[in-house]
Amino acid sequence: MRMKLVAHDALVELMSIRGLSNRGLAEFVGCAPGTIDNLVSGRTQSVNGARTAKRICLALDVPFEVFFVPVISSNTSHGINSSSKTWSARKAKAPREGSVESGG
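The model shown is predicted, which means the values in this text are computed figures rather than measured ones.

Draft legend 1. Looking closely at the packing of aromatic side chains. Overall, the coordinates contain one aromatic pair when judged by the stated rule. Both rings, one in Phe64 and one in Phe68, keep their centres 6.3 Å apart while their planes meet at 20 degrees; by these two values the pair is stacked. Its relative accessible area of 3% is what places Phe68 among the buried residues. For Lys54, the ring lying beneath its charged end belongs to Phe64, and the centroid distance is 5.5 Å. Sitting over the ring of Phe28, Arg55 keeps its end group 4.7 Å from the ring centre.

Draft legend 2. Structural detail: the nonpolar core. With 22 residues, the main nonpolar core has Leu11, Leu25, Ile56, Leu60, Phe67 and Phe68 as its most contacted residues. Residue assignment for this core shows that the elements contributing at least two residues are strand S1 (3–5), helix H1 (8–17), helix H2 (22–29), helix H3 (33–41), helix H4 (50–60) and helix H5 (64–67). Considering every element that reaches this core, the biggest residue donor is H4, with five residues. Ignoring anything within four residues of it in the chain, the contact list for Leu25 reads Leu11, Met15, Leu20, Ile36, Ile56 and Ala59.

Draft legend 3. Spatial organisation of the confidence of the model for the protein chain. Counting all residues, the mean pLDDT for the protein chain is 81, and 71% of those residues have values of 70 or more. Low confidence marks residues 77–94, where pLDDT is under 50. Its contacts with residues over four positions away, or in another chain, come to nine contacts.

What counts and how
- Residues numbered from 1 in each chain as written.
- Predicted model: local features only at pLDDT ≥ 70, side-chain atom pairs only at ≥ 80, totals over all residues.
- Heavy atoms only, no water.
- Phe/Tyr/Trp six-rings, centres within 6.5 Å; stacked < 30°, edge-to-face > 60°.
- Buried < 20%, exposed > 50% of the residue type's maximum accessible area, 1.4 Å probe, protein only.
- Lys NZ or Arg CZ within 6 Å of the ring centre and 35° of its normal.
- Core = buried A, V, L, I, M, F, W, Y, C linked by side-chain atoms within 4.5 Å.
- Helix = DSSP H or I, 4+ residues; strand = E, 2+ residues; numbered from the N terminus.
- Contact = heavy atoms within 4.5 Å.
- pLDDT = per-residue confidence, 0-100.

Below, the structure written as structure tokens:
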């Protein structure tokens, strides 16, 4: 399950306080250095698994629930994609009432 980082500034600050580099944290966590690089730089806001999120929290000695929350998958929202672009595209494709496509 994807886990979203909700305390970016605290992550960066605690890494600095504890003297952890991106590579050092990645080695402790057991993930690719790019995973930590992306979190720290803000290029991404989530990690692929709860294990990675929990290991980050363990390394920084912070409660898991304070730093990460689960990402709700779009396929659990009954076919409505969270992307407004996709939602708009679906709405645009729906036949209008009274049109030839709707049979009315």
